[in-house]
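What follows is each chain in one-letter form.
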Amino acid sequence: MEGTDPVNKKLAAALSGGAVLVLALSGCSSDEGNKELDAWAKQVCDALPAQDAKVDAANAAIKKAATDNNAPVNVQKTDSQAFQDMSDAYKALAQAIQKAGTPPGVDNGAKKQKDAVTALNGLSTSYADLKTQVDALDTKDQGKFADGLQDIATELGKLSKSGNTALANLEKGDVKSAMAQQDSCKKVAASSSARATTG
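Cut-offs applied
- Residues numbered from 1 in each chain as written.
- Predicted model: local features only at pLDDT ≥ 70, side-chain atom pairs only at ≥ 80, totals over all residues.
- Heavy atoms only, no water.
- Helix = DSSP H or I, 4+ residues; strand = E, 2+ residues; numbered from the N terminus.
- Buried < 20%, exposed > 50% of the residue type's maximum accessible area, 1.4 Å probe, protein only.
- Contact = heavy atoms within 4.5 Å.
- Phe/Tyr/Trp six-rings, centres within 6.5 Å; stacked < 30°, edge-to-face > 60°.
- Salt bridge = Lys/Arg side-chain N within 4 Å of Asp/Glu carboxyl O.
- Disulfide = S-S within 2.5 Å.
- Core = buried A, V, L, I, M, F, W, Y, C linked by side-chain atoms within 4.5 Å.
- Axes fitted to C-alpha atoms, helices over the stretch in contact; angles between N-to-C directions.
- Parallel < 35°, antiparallel > 145°, perpendicular 65-115°, else oblique.

Participant: Talk me through the overall build of the protein chain; I want residue IDs and the actual numbers.
Facilitator: When you go through the protein chain residue by residue, the secondary structure sums to seven helices and zero strands. Each helix and strand of the protein chain, ordered N terminal to C terminal, gives the series α-α-α-α-α-α-α. For the protein chain, the proportion of its 199 residues judged to be buried stands at 44%. Put simply, of all contacts in the protein chain between residues at least 6 apart along the chain, 85% involve residues at least 24 apart.

Participant: Tell me what's going on with the packing of aromatic side chains, and back it up with residues and numbers.
Facilitator: Tallied over the entire structure, the rule returns two aromatic pairs. Taking 5.6 Å as the distance between ring centres and 5° as the angle between the ring planes, the aromatic pair formed by Tyr-90 and Tyr-127 counts as stacked. Within this pair, whereas Tyr-90 is found in helix H3 (residues 72-100), its partner Tyr-127 is found in helix H4 (residues 109-135), the two being separated by 37 residues in sequence. Across the pair, exposure class does not vary: Tyr-90 and Tyr-127 are buried alike. An aromatic cluster is defined as three or more aromatic residues linked by ring pairs; in this entry it consists of Phe-83, Tyr-90 and Tyr-127.

Participant: An account of the pattern of salt bridges is needed here, citing residue identities and associated values.
Facilitator: Taken as a whole, this structure holds three salt bridges when the rule is applied. The partner of Lys-42 in a salt bridge is Asp-46, and the shortest N-O contact between them spans 2.6 Å. On the criterion of helical spacing, the pair formed by Lys-42 and Asp-46 is a turn pair, its members being four residues apart in helix H2 (residues 35-67). The class for Lys-42 is partly exposed, based on a relative accessible area of 43%. Taking the shortest distance from any N to any O, the salt bridge between Lys-111 and Asp-115 comes out at 2.7 Å. With a gap of four residues between them, Lys-111 and Asp-115 both fall in helix H4, about one helical turn apart. Residue classification places Asp-115 among the partly exposed residues on the basis of a relative accessible area of 32%.

Participant: How would you explain the state of the cysteines if you had to name every residue and give the values?
Facilitator: Scanning the model with the defined rule gives one disulfide in all. Bridging Cys-45 to Cys-185, the disulfide has an S-S length of 2.0 Å. Across the disulfide from Cys-45 to Cys-185, rotation about the S-S bond amounts to roughly -90°, and the bridge is consequently left-handed. Remark: Cys-185 occurs in helix H7 (residues 183-198) and Cys-45 occurs in helix H2; sequence separation between them is 140 residues. Classification of Cys-185 by relative accessible area gives buried; the value is 0%.

Participant: I'd love a proper account of the nonpolar core, names of residues and values included.
Facilitator: Trp-40, Phe-83, Ile-97, Leu-120, Tyr-127 and Met-179 are the most contacted members of the largest nonpolar core, which has 40 residues in total. When contributions to this core are tallied by element, the ones reaching two or more residues are H2, H3, H4, helix H5 (142-165), helix H6 (173-180) and H7. It is H3 that provides the largest number of residues to this core, a total of ten residues.

Participant: Tell me about the packing of H2 against H3, residues and numbers included.
Facilitator: H3 packs onto H2 with a crossing angle of 170° between their chain directions and a minimal axis gap of 9 Å. The angle between H2 and H3 falls in the class roughly antiparallel.

These values are about where atoms sit, not about what they do.
Put into structure tokens, the structure is as follows:
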């Protein structure tokens, strides 16, 4: 059984610190506020906790499968579902930002919104592709399975990094301030910090 275990651990390592949906939302809130922008931020922030939880649970499932010295067929099944969940989560976030519209009173707001939606939809597609790859792996041949997992781990590492930057350009200036005031965004930022500390 030792054939896939080291590779499973590499897959888990690729996830460490990955896929945090909200970056450092510090409470740098502006006093005057902007009611329209606050309403926009609430709409986006309210969509985040459920999707953040979905991504976090998927990460945890992959890590657990990697450390349990599981049979390849079990690892395949767990990872396949996890990648599907991640794909769904990023797609839902893209839809939430699309639905919220252009952040009001923000320079280049329309472009920033469009870029964030494009980045999140791209992540959704990439995780769906990983699901397809893991589904196609040969679980009867441990060597081939381990090689396939290695390739997926490499891709996963890249995706985790892009997950951290998908919303970065949107979350600047007034948008960041407005989002930092929303309870739902505070909750996600706190859970992200806790994961970063423990992970």
